[in-house]
Amino acid sequence: MPQATQRDELMPYAVQPDEGRGRRLYAEPESLTRSPWQRDRDRVVHSSGFRRLQYKTQVFINHEGDFFRTRLTHSLEVAQVARSMARYLRLDEDLTEAVALAHDLGHTPFGHAGEDALAKHMLPHGGFDHNAQALRQVMLLERRYLAFDGLNLTWETLEGLAKHNGPVRRPSARLAELDALFPLDLGGYASAEAQVAALADDIAYHGHDLDDGVKSGLLALDDLVDVPLVGQALAEARALAADLPRSDTRTPQRIRHEMVRRVIHALVSDVLVCTRARLADLAPRSVEDIRAANAPVVAFGEAMEEANKGIRKFLFAKLYRHWKVNRMTHKARRVTGELFTTLTESPSLLPAEWQQRVGGKDEGAVHRTVADYVASMTDRYAMEEHRRLTDLSVAG
């Protein structure tokens, strides 16, 4: 049976399925029915880390509402946007999707609040950041296969996770360790597929955080009137809704959805037009030309980049730093920090499997194992584990 690839449709500067650098951690025969990156994508989707994203915070902690985005729904939305852009640009859709689906596997419970707490406590022990942790998850921590730890993903997918935000000139201690294990050429740009996944991340979270912010009541539609790009999309949506009955209670919801669709459409369209222009100027003949470029090829135009920054600035000021979100952030940092401190001071409190991972190793290994354990938790599990460790009325 022939291998399922897009070889005849791909641009020459896309990553070509039969020219990849392979699975260099552990040798495996390639599939006869799936391209290497279809296989990577499938391994990510079936991983325990991916399933746990269902109960990890995007902005709102999981128990605050069933209809707010989680890290899982965020990752799915990123993958949808990224795959659509990759198809238009005639890049490898499966590699793009694999990077998009895996990019948040290293996130802690409680989103960036949990990450901030772990980063603070891990500062003397090699640091912590969710990008390096995503690589740890797929290279070391997943335990699904008899022959090896991790998912044994291809070099190209790992490269995308390591460098989707651009070259890493000064890698963290943790990323440097992983790079030594499997060198990922950190000093250059990643493939165009990985760059598409990175831009899709920005586009998706702007859209859904605006949506969730209004839905939660922390933002009002009128708050968005002067936000770059968003205000224009809102005005257009309201104009379209002018003939709808004012008595229909669903009208504000429809306006919100229409506004978000228009914001996403404008951001995606700008990336595609500007990327086509950059590619025409660069005239790359292989993915190596993309990696060696002196700037990303997948990017917004100057005006849209300013609008994108304006949206981000607004969301930070009015949503991510809203006093109600601040309260949950404060509690989340405290819970995460107390979990870390308690378990590093008394590693014997770790579950048996995680004690085995520590073994008789040094203090730094204890801290790294506890960080891996805490990072793996869902919001709900972290709260329950905190109660088990601190509340005498709760059974251990």
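What you are looking at is a predicted structure, and each value in this text was computed from that prediction instead of being measured.

Novice: Hey, could you run me through the overall build of the protein chain in this one?
Specialist: Across its full length, the protein chain holds 17 helices and zero strands. Over its C-alpha trace the protein chain gives a radius of gyration of 22 Å, about what one expects of a compact globule, namely 21 Å for 396 residues. Along the three orthogonal principal directions, the C-alpha set of the protein chain runs to about 70 × 55 × 40 Å. The 396 residues of the protein chain split such that 55% are buried. When contacts within the protein chain are restricted to residue pairs at least 6 apart in sequence, long-range pairs at least 24 apart make up 72% of them.

Novice: What should I look at first to understand the packing of helix H6 (residues 130-141) against helix H8 (residues 173-181) in this one?
Specialist: Each packed pair of helices is defined by two parameters, the angle between the axes and the distance between the axes. Their axes nearest at 9 Å, the elements H6 and H8 cross at an angle of 35°. Like other packed secondary-structure pairs, H6 and H8 cross with a definite hand, here left-handed. Contact residues: Ala132, Leu135, Arg136, Met139 and Leu140 in H6; Arg174, Leu175, Leu178 and Leu181 in H8. Partitioning the contact of H6 with H8 into residue classes produces seven nonpolar, no polar and two charged.

Novice: Help me understand helix H13 (residues 302-320), please; the structure alone is not making it clear to me.
Specialist: The α-helix winds at 3.6 residues per turn, so residues separated by three or four positions along the chain end up facing the same way. With 19 residues, H13 extends 25 Å between its outermost C-alpha atoms, agreeing within 8% with the 27 Å of an ideal straight helix rising 1.5 Å per residue. Along H13, the positions that sit buried rather than exposed are Met304, Ala307, Asn308, Gly310, Ile311, Phe314, Leu315, Leu319 and Tyr320. Against the buried residues of H13 lie helix H9 (192-216), helix H10 (230-240), helix H11 (251-282) and helix H14 (323-345).

Novice: How should helix H4 (residues 93-102) be read in this particular structure?
Specialist: Burial of H4 is extensive: 10 of the 10 residues sit out of reach of the surface. Turning to H4, its buried residues are Glu93, Asp94, Leu95, Thr96, Glu97, Ala98, Val99, Ala100, Leu101 and Ala102. Where H4 is buried, its residues touch helix H1 (36-45), helix H2 (48-52), helix H3 (71-89), H6, helix H7 (155-163) and H9. You can read the cap of H4 off the contacts: a side-chain oxygen lies 3.0 Å from the backbone nitrogen of aspartate 94, and it is on aspartate 92.

Novice: I tried to follow the packing of aromatic side chains on my own but got confused; where do I start?
Specialist: Note on aromatic pairs: each is described by the distance of the centres and the angle between the planes. This structure, assessed with the given rule, holds five aromatic pairs. Ring centres of tryptophan 354 and tyrosine 373 lie 5.3 Å apart, and the angle between their planes is 50°; this geometry places the pair in the tilted category. Pair noted here: tryptophan 354 is in helix H15 (residues 352-358) and tyrosine 373 is in helix H16 (residues 363-376), with a separation of 19 residues, a long-range link. One aromatic cluster is present, formed by Tyr26, Tyr145 and Phe148 through successive ring pairs. One cation-aromatic arrangement involves arginine 21 over tryptophan 155; the distance from NZ or CZ to the ring centre is 3.8 Å. The ring centre of tyrosine 145 lies 5.0 Å from the NZ or CZ of arginine 43, which sits over that ring.

Conventions we followed
Residues numbered from 1 in each chain as written. Predicted model: local features only at pLDDT ≥ 70, side-chain atom pairs only at ≥ 80, totals over all residues. Heavy atoms only, no water. Helix = DSSP H or I, 4+ residues; strand = E, 2+ residues; numbered from the N terminus. Rg over C-alpha atoms; globule rule 2.2 N^0.38 Å. Buried < 20%, exposed > 50% of the residue type's maximum accessible area, 1.4 Å probe, protein only. Contact = heavy atoms within 4.5 Å. Axes fitted to C-alpha atoms, helices over the stretch in contact; angles between N-to-C directions. Left-handed = near helix turned anticlockwise from the far one by under 90°. Nonpolar A, V, L, I, M, F, W, Y, C, P; charged D, E, K, R; others polar. Expected span 1.5 Å × (residues − 1). Polar contact = N/O pair within 3.5 Å; in protein donor to acceptor, adjacent residues only side chain to side chain. Phe/Tyr/Trp six-rings, centres within 6.5 Å; stacked < 30°, edge-to-face > 60°. Lys NZ or Arg CZ within 6 Å of the ring centre and 35° of its normal.

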